[in-house]
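Inside the fold
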Amino acid sequence: MTTRMKIAIASGKGGTGKSMVAANLAWALAQSDRVTLVDCDVEEPNLHLFFPPDDPESTDVQVSIPAFDNSRCTLCGDCAGFCAFGALVVAKDRVLFFPEHCHSCGGCALVCPAGAITEIQRPIGTVTIRHLSAHLSLVTGTLNEGEVLGVKVIREAKRYAAKPGWLVCDASPGTSCPVVETLHGSDFCLLITESTPFGLHDLELAYSVTSHLGIPVGVVINRSDGKDEEVRRFCNERGIIVLATIPFDRWIAAVQGSGDLISRVDPAWKERFIALGGACRSSVGGT
Amino acid sequence: MKICIPSKGPDIQDLVDERFGRAPYFIIYDTESKMTEAHVNSTAGAMGGVGPKAAQFLLNQGVDSLVTERVGGNALEALKAGGIMVLLYEEKGSTVANAITAFLKGNLKEQ
């Protein structure tokens, strides 16, 4: 039976090793199972750097925006009055449209009494699919420069990834809308932290988000210097299991720095990441 | 001619607000009747797009000139398209009354 398990990788703090854990976990699990890795850090996606170049397929992510028929427009102002985001201003002789404020709700076209507004498509990003091996695919969401609707690109990337097998979604840092969208629908979340006051502080923030969304979590302590008492105390107090500890180690840094994966280079690490996936599945009662 | 000054309060002795779209009040002064009207900026607390919304309000009020310390790019584009002159008033901590006086003296720089 094929596993169906959606794991999100999040952290709060940037630079804790979300992408490192996501890529290694996906690579290790794909040795025996179908895995789709999704890069949801759409403002700076980089998971593809861990895998050899191939021939990716890209599709535009588009949003609807209004187009105005000036011969019909009476400059009544109803569209601008309706727009909650200030994307429209009706001046004396024309309608001004600020596309970066538009949330694509379609309301302006609905309220226009003159039928002067139609909707057209505007690209804001891409979804790229790479078939890395028989079992492993990578779906990368990329938000175009200057765009703000990252959530829309993340949603599309996850939609392309909706297949049987493991789904591993790598979130952006932080706790705002893109992270919430990445977490949405996940069975389990791995929170990556490090043994610093900054790592702990942002772990607490990230945990408050997963708690609010009702998603079970496990913690991975990365770059551990062995002094993880504060993180472990936080986890103990809340009944969070620390599922893995990755040491602060020159060899790991060197493998990572060369764009390789420790699970690809060292069979022992491959086994550890397979065990981490198993622990995620067991935590939510899967088999 | 109507001029508008973003303000922290509803009175001409209140201070000029350094922001445009997020100013709590707009005070509109009519240079012919010498009357002032205070309007609450109902979109000051909105999540985004407050500049264009404030510009729309000024257009609807028939304002000719905006006297402000600062104005964002989208708001400026909307104000210019609507034929509203934007004049920079960079006197910190000044009252609306002083801003009106400065405008009447005619030595404010156009944005």
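Each value, and the rule that gives it
Residues numbered from 1 in each chain as written. Chains lettered and ligands numbered in written order. Predicted model: local features only at pLDDT ≥ 70, side-chain atom pairs only at ≥ 80, totals over all residues. Axes fitted to C-alpha atoms, helices over the stretch in contact; angles between N-to-C directions. Helix = DSSP H or I, 4+ residues; strand = E, 2+ residues; numbered from the N terminus. Parallel < 35°, antiparallel > 145°, perpendicular 65-115°, else oblique. Contact = placed C-beta atoms within 7 Å. Nonpolar A, V, L, I, M, F, W, Y, C, P; charged D, E, K, R; others polar. Pairing = 2+ DSSP bridges. Expected span 1.5 Å × (residues − 1). Buried ≥ 20, exposed ≤ 12 C-beta atoms within 10 Å, placed from the backbone. Domains from an automatic or database assignment. Right-handed = clockwise from strand over helix to strand, strands pointing away.

Details of the packing of helix 1 (residues 18-29) of chain A against helix 10 (residues 267-283) of chain A
All names here are of chain A. Two elements in contact, helix 1 and helix 10, have axes whose closest approach is 8 Å; the angle formed by their N-to-C orientations is 95 degrees. Between helix 1 and helix 10, the interaxial angle falls into the category roughly perpendicular. For the pair helix 1 and helix 10, contact is made by N24, L25, A28 and L29 and by K270, F273, I274, L276 and G277, respectively. Here the contact of helix 1 with helix 10 is built from residues that sort into six nonpolar, two polar and one charged.

Considering the pairing of strand 3 (residues 36-40) of chain B
Residue and element names in this part refer to chain B. Here five bridges tie strand 2 (residues 25-30) to strand 3, and the two strands are oriented antiparallel to one another. Bridge pairing links I28 to E37 in strand 3. Taking the residues between adjacent antiparallel strands as the criterion, strand 2 and strand 3 are bridged by five residues, where K34 takes a positive phi near 60 degrees.

Quick word on the interface of chain B and chain A
Taken residue by residue, the interface counts 15 residues in chain B and 12 residues in chain A. Those elements that provide at least two residues to the side of chain B that touches chain A are helix 1 (50-60) and helix 2 (73-81) of chain B. If one sorts the elements of the side of chain B that touches chain A by residue count, helix 1 of chain B sits on top with seven residues. Here the side of chain B that touches chain A is composed, by residue class, of six nonpolar, seven polar and two charged.

Points about the environment of P178 of chain A
Positionally, P178 of chain A belongs in helix 5 (residues 177-183). Leave out the neighbours within four places in its chain, and P178 of chain A touches C40, V42, G150, V151, I154 and S172 of chain A.

Structural notes on helix 6 (residues 197-213) of chain A
All names here are of chain A. Over its 17 residues, helix 6 extends 25 Å from the first C-alpha to the last, a length consistent with the 24 Å expected when each residue adds 1.5 Å. Contacts from the buried residues of helix 6 go to strand 1 (4-10), helix 5, strand 9 (188-194), strand 10 (217-224) and helix 7 (229-238). One or two residues past the end of helix 6 sits G214, with phi positive at roughly 70 degrees.

Brief notes about the environment of L108 of chain B
Residues and elements named next belong to chain B. With respect to the secondary-structure elements, L108 resides in the loop between helix 3 (96-105) and strand 6 (109-110). Residue class for L108 comes out partly exposed when judged on the 18 C-beta atoms lying within 10 Å of it. In sequence terms L108 and A44 are 64 residues apart; their C-alpha atoms lie 25 Å from each other. Ignoring any residue separated from it by four or fewer positions in sequence, one finds L108 in contact with V67, L87, L88, Y89, A102 and F103.

Observations concerning the domain arrangement of chain A
Splitting chain A by domain gives domain 1 (4-51 + 132-283) and domain 2 (62-123). Each of domain 1 of chain A and domain 2 of chain A has a C-alpha centre, and the two are 40 Å apart.

Considerations on unusual backbone geometry
Residues and elements named next belong to chain A. Positive phi values are uncommon outside glycine, yet L75 reaches one of about 60 degrees. Judged by C-beta crowding, with 16 C-beta atoms within 10 Å, L75 ranks as partly exposed. Within the chain, R223 stands out as a residue other than glycine whose phi angle is a positive 50 degrees. Relative to the assigned elements, R223 resides in strand 10. Assessed through the 21 C-beta atoms surrounding it within 10 Å, R223 is described here as buried.

Thoughts on the pairing of strand 5 (residues 85-88) of chain B
Where a strand is regular, its side chains alternate between the two sheet faces. Residue and element names in this part refer to chain B. Taken together, the four bridges between strand 4 (residues 65-68) and strand 5 define a ladder with parallel strand orientation. In the strand pairing of strand 5, V67 is matched with L87. The β-α-β motif built from strand 4, the intervening helix 2 and the parallel element strand 5 has right-handed crossover chirality. Here strand 5 pairs with strand 6 via two bridges, running antiparallel. Residue L88 lies in a different strand from strand 6, and its bridge partner there is K109.

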